[in-house]
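Structural features, examined
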Amino acid sequence: DLKTAHVLQGECPQIYSVMAHMLSYHDEAIARFINWLAYIWQFRKKTMTGWMLHGTEGTGKGYFFNKIIRPLFGQNAVMKTLERIADDQFNAWEESALIVMVDEFNIANASSGVTKAASRLKNMITEPKATIRKMRIDQVEADSYTNFIFATNDIGALAINGGDRRYNVAPRQERKLIHEVPQIGYDAANFDRNTEAELADFADFLRHFTVDIDRAQHPMEAEAKVEAIEAAMDSATRFFRCVLKGQLEEFVPELMVRANELLHREQLMIQ
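Please read these numbers as outputs of a predicted model, since none were measured by experiment.

**Regarding the overall build of the chain**
- Check the secondary structure of the chain and you find 13 helices and seven strands.
- Expressed as a percentage of its 271 residues, the buried residues of the chain come to 42%.
- Nonlocal contacts in the chain, meaning residues at least 24 apart in sequence, comprise 74% of its contacts between residues at least 6 apart.
- When the accessible surface of the chain is summed, it comes to about 14,400 Å², and 51% of that surface belongs to carbon and sulfur atoms.

In structure tokens form, the structure reads like this:
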């Protein structure tokens, strides 16, 4: 269960170190993420929730997917960019994908087509069916088993609404993995071999993990999610939200600047 998730640190120390850094060493996020993976590994179906991993470049998001998730799940693990999903008219990958990492995810400044694709992805987290379009074959409806990880460098990349029931948001990681694990830089080949050597034990750990189904199917409510919701708001929405809460501190500097500007204009007019 979640209380035993950290046993992984003793059984697969290198895999755990990559995962823990990626999740900013947040105990609940680590336990929840392991539980989420174990649910997918054991039941081979949707959790109905996705994960947002965000931080500076080089925090281990790509390494975790390419060196750990992909070898474990094989062709059932897919990496896409949001632009690629928006442009690709064929989606055969949806038919068998268990985990999809949407890399460089950001809809803050996206085109209308990309924004539409992002909205579709939001629904795909929970939709039990998918419309599959293959080349030279009529589209068909199939069961969907896909779970999503959204990787981004921008905290405001994912437009999350208050009351959301889809997204787990990990705390932001500002330090590169190489700063915590220097071996990645000076002995990358050996680091990769050590990761590969732990994969069988990691698979066994996931297979025997006592999954908390409710927590796999419902998102973690943490400060990081609140920050992501607020970061995605436009300034007007954020202002009125702060008014309702009686929290105007962050707007005081801007209001003071505006007041000083008005005072300066009045002085010029008097002169």
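Once the structure has been displayed, the description carries forward.
**Examining the pairing of strand S5 (residues 137–143)**
- The pairing of strand S4 (residues 129–134) with S5 spans five bridges and is antiparallel. Within S5, the residue paired with isoleucine 132 across the bridge is valine 140.
- Linking two consecutive strands that pair antiparallel, namely S4 and S5, is a turn of two residues; a positive phi of about 60 degrees is found at arginine 136 within it.

**Some thoughts on the sheet that holds strand S3 (residues 99–103)**
- If you trace the five strands from one edge of the open sheet to the other, you get S2-S3-S6-S1-S7, paired in parallel fashion. Since the sheet does not close on itself, it has two edges, and those belong to strand S2 (77–81) and strand S7 (167–169), each with one partner. Going from strand to strand, the sheet's axes swing by 20 degrees on average, the running direction of each strand aside.
- Direction of pairing for S3 relative to strand S6 (residues 147–152): parallel, over a ladder of four bridges. Across the sheet, valine 100 pairs through a bridge with phenylalanine 148, a residue of S6.

**Brief notes about the packing of aromatic side chains**
- Tallying each qualifying case throughout the model produces nine aromatic pairs.
- Pairing phenylalanine 205 with phenylalanine 209 gives two aromatic rings, centres 5.8 Å apart and planes at 40 degrees, and the pair type is tilted. Take phenylalanine 205 and phenylalanine 209: they sit in the same class, and that class is buried.
- An aromatic cluster is built from Phe33, Trp36, Trp51 and Phe64, whose rings are joined through pairwise contacts.

**Thoughts on the nonpolar core**
- Residues Met19, Leu23, Phe33 and Phe202 are the most contacted members of the largest nonpolar core, which totals 50 residues.
- Of all the secondary-structure elements, those providing two or more residues to this core are helix H2 (13–22), helix H3 (27–43), strand S1 (50–54), helix H4 (61–73), S3, S6 and helix H9 (188–208).
- At 11 residues, the largest contribution of residues to this core is made by H3.
- Leucine 23 has contacts with Ala29, Ile30, Phe33, Trp51, Leu53, Ala170 and Pro171, leaving out every residue within four places of it along the chain.
- Among the nonpolar cores identified, the runner-up in size contains 19 residues, and Val102, Ala117, Ala118 and Phe150 belong to it.

**What to know about the packing of H2 against H9**
- Contact geometry of H2 with H9 gives a least axis separation of 7 Å together with a crossing angle of 100 degrees. In this view, H2 runs roughly perpendicular relative to H9, as classed from their interaxial angle. Side by side, H2 and H9 meet where Pro13, Gln14, Ile15, Val18 and Met19 of the first sit next to Phe191, Asn194, Thr195, Glu198, Leu199 and Phe202 of the second.
- For the contact of H2 with H9, the residue count by class is seven nonpolar, three polar and one charged.

**A look at H3**
- Here H3 contains 17 residues, and its C-alpha end-to-end distance of 24 Å stays within 8% of the 24 Å for a straight helix at 1.5 Å per residue.
- When you tally the buried positions in H3, you get 13 out of 17 residues, the bulk of the element.

**Comments concerning the packing of H2 against H3**
- Interaxial distance between H2 and H3 falls to 9 Å at its minimum, and their mutual angle equals 120 degrees. Between H2 and H3, the angle is such that the two are oblique. Handedness of the crossing formed by H2 with H3: right-handed. In this structure, H2 contributes Tyr16, Met19, Ala20 and Met22 to the contact, and H3 contributes Ile30, Phe33 and Ile34.
- Split by residue class, the contact of H2 with H3 holds seven nonpolar, no polar and no charged.

Parameters and conventions
Residues numbered from 1 in each chain as written. Predicted model: local features only at pLDDT ≥ 70, side-chain atom pairs only at ≥ 80, totals over all residues. Heavy atoms only, no water. Helix = DSSP H or I, 4+ residues; strand = E, 2+ residues; numbered from the N terminus. Buried < 20%, exposed > 50% of the residue type's maximum accessible area, 1.4 Å probe, protein only. Contact = heavy atoms within 4.5 Å. Areas by Shrake-Rupley, 256 points an atom, 1.4 Å probe, with all protein chains shown as cover. Pairing = 2+ DSSP bridges. Axes fitted to C-alpha atoms, helices over the stretch in contact; angles between N-to-C directions. Phe/Tyr/Trp six-rings, centres within 6.5 Å; stacked < 30°, edge-to-face > 60°. Core = buried A, V, L, I, M, F, W, Y, C linked by side-chain atoms within 4.5 Å. Parallel < 35°, antiparallel > 145°, perpendicular 65-115°, else oblique. Nonpolar A, V, L, I, M, F, W, Y, C, P; charged D, E, K, R; others polar. Expected span 1.5 Å × (residues − 1). Left-handed = near helix turned anticlockwise from the far one by under 90°.

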